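# Fold and geometry: a report
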Amino acid sequence: MAESWKVSGTYFEMCNCAVACPCFFTSAPTEGHCTVVVAWHVDTGNFGKVSLNGLNVALMAHSPGHMLQTKWKVALYLDERANTEQQAALGGIFSGQAGGHLAALGPLIGEVLGVKPAAIQYVAEDKKRSLRIAKIAEAEIEAIEGQGGALVTIENHPFTPVPGQRAVVSASKRVSFSDYGISLDISGKNGAYSAFAYQS
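As a starting point, this report considers the structure included with it. These figures come from a predicted structure and were not determined experimentally.

The subject of this paragraph is the overall build of the protein. Scanning the protein from terminus to terminus reveals 1 helix and 13 strands. For the protein, the sequential pattern of α-helices and β-strands runs β-β-β-β-β-α-β-β-β-β-β-β-β-β. Taken against the 2.2 N^0.38 rule, which gives 16 Å for 200 residues, the C-alpha radius of gyration of the protein at 16 Å falls within 12% of a compact globule. When the backbone C-alpha atoms are referred to their principal axes, the protein occupies close to 45 × 35 × 35 Å. Expressed as a percentage of its 200 residues, the buried residues of the protein come to 49%. As presented, the protein carries roughly 9,300 Å² of accessible surface, and 49% of it is formed by carbon and sulfur atoms. Each charge sign in the protein was given a centre, from 15 positive and 17 negative side chains, and these centres are 1 Å apart.

This part covers the layout of surface pockets. Any empty space left between atoms is shown by rolling a water-sized probe over those atoms. For the largest pocket, the calculated volume is near 270 Å³. Lining the largest pocket are 16 residues; nearest its centre among them are Val74, Phe94, Ser95, Ile109 and Val112. At the level of secondary structure, the elements contributing two or more residues to the lining of the largest pocket comprise strand 5 (72-79), helix 1 (84-95) and strand 6 (109-118).

Throughout the structure, instances matching the rule amount to 1 cavity of 30 Å³ or more. As a volume, the largest cavity reaches approximately 220 Å³. Considering the residues around the largest cavity, the lining is formed by 17 residues, among which Val36, Met67, Trp72, Phe159 and Pro161 are closest to the centre. Secondary-structure elements contributing two or more residues to the lining of the largest cavity are strand 2 (34-47) and strand 4 (56-63). Looking at side-chain class alone, the lining of the largest cavity contains 15 nonpolar, 1 polar and 1 charged residues.

Throughout the structure, instances matching the rule amount to 0 disulfides. Considering cysteine sulfurs only, Cys21 is the nearest to Cys17, which forms no disulfide, with 3.7 Å between them. Judged by its relative accessible area of 0%, Cys17 is buried.

Conventions and cut-offs
- Residues numbered from 1 in each chain as written.
- Predicted model: local features only at pLDDT ≥ 70, side-chain atom pairs only at ≥ 80, totals over all residues.
- Heavy atoms only, no water.
- Helix = DSSP H or I, 4+ residues; strand = E, 2+ residues; numbered from the N terminus.
- Rg over C-alpha atoms; globule rule 2.2 N^0.38 Å.
- Buried < 20%, exposed > 50% of the residue type's maximum accessible area, 1.4 Å probe, protein only.
- Areas by Shrake-Rupley, 256 points an atom, 1.4 Å probe, with all protein chains shown as cover.
- Lys, Arg positive; Asp, Glu negative; His and termini not counted.
- Charge placed at Lys NZ, Arg CZ, Asp CG, Glu CD.
- 1 Å grid on protein atoms, 1.4 Å probe; cavity = no way out; pocket = protein on both sides within 12 Å on 5 of 7 lines; lining within 4 Å.
- Points joined across faces, edges and corners; volume = space filled by probe spheres on them.
- Nonpolar A, V, L, I, M, F, W, Y, C, P; charged D, E, K, R; others polar.
- Disulfide = S-S within 2.5 Å.

Shown next as structure tokens:
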């Protein structure tokens, strides 16, 4: 019997599409391709008896065209603070190999560029989210202001790494990424954040 697991916390993402990313609605990306960086912070979680509390994970995915019609190149980054068992658990969950919602992304992936430990800093503060992966990525997004200063949100959108959650529509203050021959250096583009919960 496969090991049972459960993780929950917060997530955010940013990509090169205009706000809000049409990929959320299964439309074509605004620039004809989409490079997205996704970050998760596990508030509470376990893989069997292995605790995953407080650990971070990040994913880069590059789709050369429509995200549902072309194969992605992906890279996964696992919190270097995690021990061997924790890294194996994080890798299984956030690659989709351990099942759960992220397993549905498997058929979309054409090439895994790499899976490696990294120093990942994840900060959630008020309406801002920021990520730093040492020597690889730096990013910050902030919620856009809606009517009366309220948050702009979307929910029940058909294409998302966090189903069942209301996403806060955001814009990037800056996003830089460079690894595996893929580079991104943008600002004022799409971002989103929400809670997440996955389980086997």
